[in-house]
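Summary of structural features
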Amino acid sequence: MAFIEIKNLTVEYNVTDEKGEIHAEEALSDVNLVIEKGDFISVVGRNGSGKSTLAKTINGILTPASGEVLVEGMSTKDFSKIYEIRSKVAMVFQNPDNQIVSTIVEDDVAFGPENLGVPSKEIRKRVDDALKSVDMYEFRTNGPHHLSGGQKQRIAIAGAIAMMPECIVFDEPTAMLDPKGRAKVMDIIKTLNAKGMTIILISHFMEEAAEADKILVMEKGKL
Ligand code: ADP
Ligand code: MG
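Residues numbered from 1 in each chain as written. Chains lettered and ligands numbered in written order. Predicted model: local features only at pLDDT ≥ 70, side-chain atom pairs only at ≥ 80, totals over all residues. Heavy atoms only, no water.

**A look at the sheet that holds strand β9 (residues 214-217)**
An order of β6-β7-β8-β3-β9 is seen for the 5 strands of this open sheet, with the pairing classed as parallel. Across the chains shown, the open sheet's two edge strands, defined by having one partner strand only, are β6 (89-92) and β9. Across this sheet, the average inter-strand angle for adjacent strands is 20°, counted without regard to direction. Bridge count between β6 and strand β7 (residues 167-171): 4 bridges; the pairing is parallel. Counterpart to methionine 91 in the pairing with β7 is valine 169. (Pairing = 2+ DSSP bridges. Helix = DSSP H or I, 4+ residues; strand = E, 2+ residues; numbered from the N terminus. Axes fitted to C-alpha atoms, helices over the stretch in contact; angles between N-to-C directions.)

**Digging into the pairing of strand β2 (residues 22-35)**
Pairing geometry for strand β1 (residues 4-16) and β2, over 10 bridges, is antiparallel. Counterpart to threonine 16 in the pairing with β2 is isoleucine 22. A loop of 5 residues connects β1 with β2, the two strands running antiparallel in sequence, and glycine 20 in this loop sits at a positive phi of about 80°.

**A word on the sheet that holds β2**
Within a beta sheet, neighbouring strands are joined by backbone hydrogen bonds and run either parallel or antiparallel to one another. Within the open sheet, the 4 strands sit side by side as β2-β1-β4-β5. Their pairing is antiparallel. With partners counted over all chains shown, the strands left at the sheet margins are β2 and β5 (74-75), one partner each. In this fold helix α1 (residues 51-58) packs onto β1, β2 and β4 (66-71), with an angle of close to 120° to the strand it touches most, β1. (Contact = heavy atoms within 4.5 Å.)

**Considerations on the packing of helix α3 (residues 105-115) against helix α4 (residues 120-133)**
With their axes 9 Å apart at the nearest point, α3 and α4 run at an angle of 120° to one another. Classified by the angle their axes make, α3 and α4 are oblique. In the packing of α3 onto α4, the handedness of the crossing is right-handed. Of the residues in α4, those touching α3 at Val105, Glu106, Val109, Ala110, Pro113 and Glu114 are Ile123, Arg124, Arg126, Val127, Ala130 and Leu131. (Parallel < 35°, antiparallel > 145°, perpendicular 65-115°, else oblique. Left-handed = near helix turned anticlockwise from the far one by under 90°.)

Read these as geometric descriptors, not functional statements.
What follows is the structure, encoded as structure tokens:
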């Protein structure tokens, strides 16, 4: 069984036209893709080509209009499996400010595992380990709002790591960072993959996409 299998996936959004009528518009059409454990793939493509839609469909934030996404055989259309799917596939988004929910760094990193029902002693260890792996342990009692964009993004990544997923989907994680912040995030991504984490990296920086083993190109909702 493949780790992640995307079969004939079509995703639609409801949009309101000039007349005020709502109709469905395709954002992804007939996408097929297999991702194996440990893969490092990147996704490139113009704005509006469907990259973020694909990312959000993989962990069940969006559901297919037709076709399906299977994570270890579990369909994202099966509501009873969504929890388990999200514990296996975590997401990191472009804007770190939209991902930080707490006023103290370590609480923020603990948020994901807390929601998964991890015991508090185990959470403590996971938070410490995750903060160390993104080189932010010394900032654990700080307020995240005083940190730089790159540091905040590393906190968001630590939050994903602390959930101990098998895959992290990064949707343009460096888009808002300066070159130093970008390099640091790319180092973390490469280290995670070297340790066995499956990585899906959406990026509009070609030199970042080229770090992956395989580059997928999206155009007008097609792969
Ligand atoms: P990308 O991440 O490659 O820029 P997106 O997946 O965000 O592309 O968008 C794909 C298409 O879906 C675009 O045409 C975009 O306008 C449309 N789209 C994205 N999000 C929404 C939404 N919430 N409502 C309606 N249309 C959307
Ligand atoms: Mg996008």
